[in-house]
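# Structural characterization, general
Each chain, letter by letter, is given below.
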Amino acid sequence: MRPREPESGSTETTAPAAEILLVPLIDVNWLVYAPFDPARGYRVDPPDVAKSIGETRALCRRLREQAGGRYILTPHSGTYCRSEYYEGEMLEVYREAVADGAELCVHLHEEIKGAGTRYGEPDHMAAMVQDCKNRLEDAGISPVAYRGGHYAYAPFMNRLLENNDILIDCSCAPGMDYPDREAIWTEAELSAFYLPENPRRPSTGQARSRVFEIPIGSDGGGSAYANILHVEQSDLDNLKRVWAAIRERAKRVERPQIVHSLFHTGSMGQPELAERFRRFLEFVPEHGGAFVTTVMAKAAYDHAVEARV
Ligand SMILES: [Zn+2]
């Protein structure tokens, strides 16, 4: 028997009017994880879960204050850390976040140091998604979204997620083209959209899947760190520049843009990064942005489409 779902602290589900609807996405992780980086010897340190619990709690408190509890946690599960972030006291931290209004995501890292990835293996991916989902559900938490490590998303994921009733994905970095990592987003849109059956092909003429994609915020100039809302791999001025480009697009197409930003719990130990994220969160609502959960973002998109028909 599954325990009942915890009460959600936030009853509000309607997205506020804004030029940019931003989902603050928080990767629950540790330092150092560099399975693709020969310069660092493909270094992957073992996770320090006790430290992560403290860092995640601190970050959730901040997001409760600064973002009204509207954000999504994407805990790492992968080759080098399968279940540590999906068991024990960590689950208690997630329940506290959900009580504040936050969401949980299944997040897989199927890399093999210096050798490649397993993102293209349907049976393996299905088993890993199922395992994470079961662990969260057994703790009374329903994961609402999926996210692939390093932006990986094989076309079969559409069906896999639909079969698991996970209808939101946050794997996309628009323009990215890393076939060896299963991260091909050359046809992706810059604001949230429903993935076509094959997300790697132009959507024209293709049937639409039921999976709603919320990409990382991008200036439209590519998928390099400088182009996207990856807080650690940027600086505040550049984040503001990318933000301005997204806001400009919203004005041009006369539609709110729906995107996510990326920050990692492992960065909380570095005061400069924690402060940068604090200031970014402060900047957002003062510059045409509103914080939303992924479910609120999807509802806002569906509602706007219905209104246009
Ligand atoms: Zn990750």
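Residues numbered from 1 in each chain as written. Predicted model: local features only at pLDDT ≥ 70, side-chain atom pairs only at ≥ 80, totals over all residues.

Attention now moves to the packing of helix α1 (residues 49-67) against helix α2 (residues 89-100). One way to put it is that α1 packs onto α2 with a least axis distance of 10 Å and a crossing angle of 5°. Considered as vectors, α1 and α2 are oriented roughly parallel to each other. Across the interface between the two elements, Val49, Ile53, Thr56, Arg57, Cys60 and Arg64 from α1 touch Glu89, Met90, Val93, Glu96, Ala97 and Asp100 from α2. Grouping the constituent residues of the contact of α1 with α2 by class yields six nonpolar, one polar and five charged. (Axes fitted to C-alpha atoms, helices over the stretch in contact; angles between N-to-C directions. Helix = DSSP H or I, 4+ residues; strand = E, 2+ residues; numbered from the N terminus. Parallel < 35°, antiparallel > 145°, perpendicular 65-115°, else oblique. Contact = placed C-beta atoms within 7 Å. Nonpolar A, V, L, I, M, F, W, Y, C, P; charged D, E, K, R; others polar.)

As a general rule, the predicted coordinates of low-pLDDT regions are not to be interpreted in detail. Residues with a pLDDT of 70 or more make up 96% of the protein, whose mean pLDDT is 95. Low pLDDT, under 50, characterises residues 1-11; the stretch is placed with 20 contacts to residues that sit more than four places away or in other chains. (pLDDT = per-residue confidence, 0-100.)

Before going further, it helps to spend a moment on the nonpolar core. Most often, soluble globular proteins have nonpolar side chains that are buried together. Judged by nonpolar contacts, the single largest core of 82 residues is most densely connected at Leu21, Ile72, Leu73, Ile214, Val292 and Ala297. Excluding residues within four positions of it along the chain, Ile72 makes contact with Val23, Leu25, Ile26, Ala102, Glu103, Cys105, Ala145, Thr293 and Thr294. (Core = buried A, V, L, I, M, F, W, Y, C linked by C-beta atoms within 7 Å. Buried ≥ 20, exposed ≤ 12 C-beta atoms within 10 Å, placed from the backbone.)

This part takes up the environment of Ser171. Relative to the helices and strands, Ser171 resides in the loop between β7 (168-169) and β8 (177-178). The exposure class of Ser171 is buried, given the 32 C-beta atoms found within 10 Å. Spatially, the C-alpha atoms of Ser171 and Pro215 are 6.8 Å apart, while their sequence positions differ by 44 residues. Excluding anything up to four places from it in sequence, Ser171 contacts Arg147, Gly148, Tyr151, Ala152 and Tyr153.

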